Amino acid sequence: MKLSKKARIGIMALIYIEAHKAEGHVALATIAEKANVSQQYLEQTITGLRRADIVTGIKGAQGGYELNRDAKDITVADIIKAIEGDYHLDAEKAPKGSVVPEIADVVQESVIEKANKSLDEAFEGVTLEELVNDYKKRSLANEPMYYI
């Protein structure tokens, strides 16, 4: 399994929107420039987030995007589901006509279900608020120090 570029960009966009909310609505052009992706690609990514009611778009010259709910209430699982759909590994099924369907059952129970449970724990266990806090810590650590 691989986390898609679209999901990664969506997570990054939400971190940026939340981290810069004090400055007002965040324009897609700004996020696209910071992420070094096309604005059209970012618009496709944001569409799923809008449909899932995670962000709200504001039209006009001072428009942009803002979160529709608190960052502490948005998990990585919510974001990925909004952009990609279900992130779980597909269920293992025995090939048609197989004489050993029990092997598929073993793979399903011992591998697929365990992996999906781990994915749920990882993605549901991290909130957007935590990601923003980590981002702010890192960006402050990289700011130059000025001494008098």
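Further up the page is the structure itself.
Residues numbered from 1 in each chain as written. Predicted model: local features only at pLDDT ≥ 70, side-chain atom pairs only at ≥ 80, totals over all residues. Heavy atoms only, no water.

## A few points about the overall build of the protein
Phase 1: For the protein, the helix and strand inventory stands at six helices and two strands.
Phase 2: Listed by position from the N terminus, the elements making up the protein come as α-α-α-β-β-α-α-α.
Phase 3: At 20 Å, the protein has a C-alpha radius of gyration far larger than the 15 Å of a compact globule built from 148 residues.
Phase 4: Seen along its three principal axes, the alpha-carbon backbone of the protein occupies a region of about 75 × 40 × 25 Å.
Phase 5: Counting every position in the protein, which comprises 148 residues, the buried fraction comes to 32%.
Phase 6: Residue pairs at least 24 apart in sequence account for 62% of intrachain contacts in the protein once pairs closer than 6 positions are excluded.
Phase 7: For the protein, the accessible surface area stands at approximately 9,900 Å², while carbon and sulfur atoms represent 50% of it.
Phase 8: Averaging the coordinates of the 19 positive side-chain charges in the protein and doing the same for the 24 negative ones gives two points 5 Å apart. (Helix = DSSP H or I, 4+ residues; strand = E, 2+ residues; numbered from the N terminus. Rg over C-alpha atoms; globule rule 2.2 N^0.38 Å. Buried < 20%, exposed > 50% of the residue type's maximum accessible area, 1.4 Å probe, protein only. Contact = heavy atoms within 4.5 Å. Areas by Shrake-Rupley, 256 points an atom, 1.4 Å probe, with all protein chains shown as cover. Lys, Arg positive; Asp, Glu negative; His and termini not counted. Charge placed at Lys NZ, Arg CZ, Asp CG, Glu CD.)

## Re the pairing of strand β1 (residues 55-58)
If a strand is regular, its side chains alternate between the two faces of the sheet.
Phase 1: Across four bridges, β1 lies against strand β2 (residues 64-67) in antiparallel orientation. Within β2, the residue paired with V55 across the bridge is L67.
Phase 2: Counting the residues in the hairpin turn of β1 and β2 gives five residues, including G60, whose phi is positive at 110°. (Pairing = 2+ DSSP bridges.)

## Description of the packing of helix α1 (residues 5-19) against helix α2 (residues 28-35)
Phase 1: Contact geometry for α1 and α2: axes closest at 10 Å, N-to-C directions at 120°. Accordingly, the angle class assigned to the pair α1 and α2 is oblique. Once α1 is placed against α2, the crossing between them reads as right-handed. Contacts from M12, A13, Y16 and I17 in α1 reach T30, I31, K34 and A35 in α2.
Phase 2: For the contact of α1 with α2, a count of residues per class yields six nonpolar, one polar and one charged. (Axes fitted to C-alpha atoms, helices over the stretch in contact; angles between N-to-C directions. Parallel < 35°, antiparallel > 145°, perpendicular 65-115°, else oblique. Left-handed = near helix turned anticlockwise from the far one by under 90°. Nonpolar A, V, L, I, M, F, W, Y, C, P; charged D, E, K, R; others polar.)

Nothing here speaks to function; it is geometry throughout.
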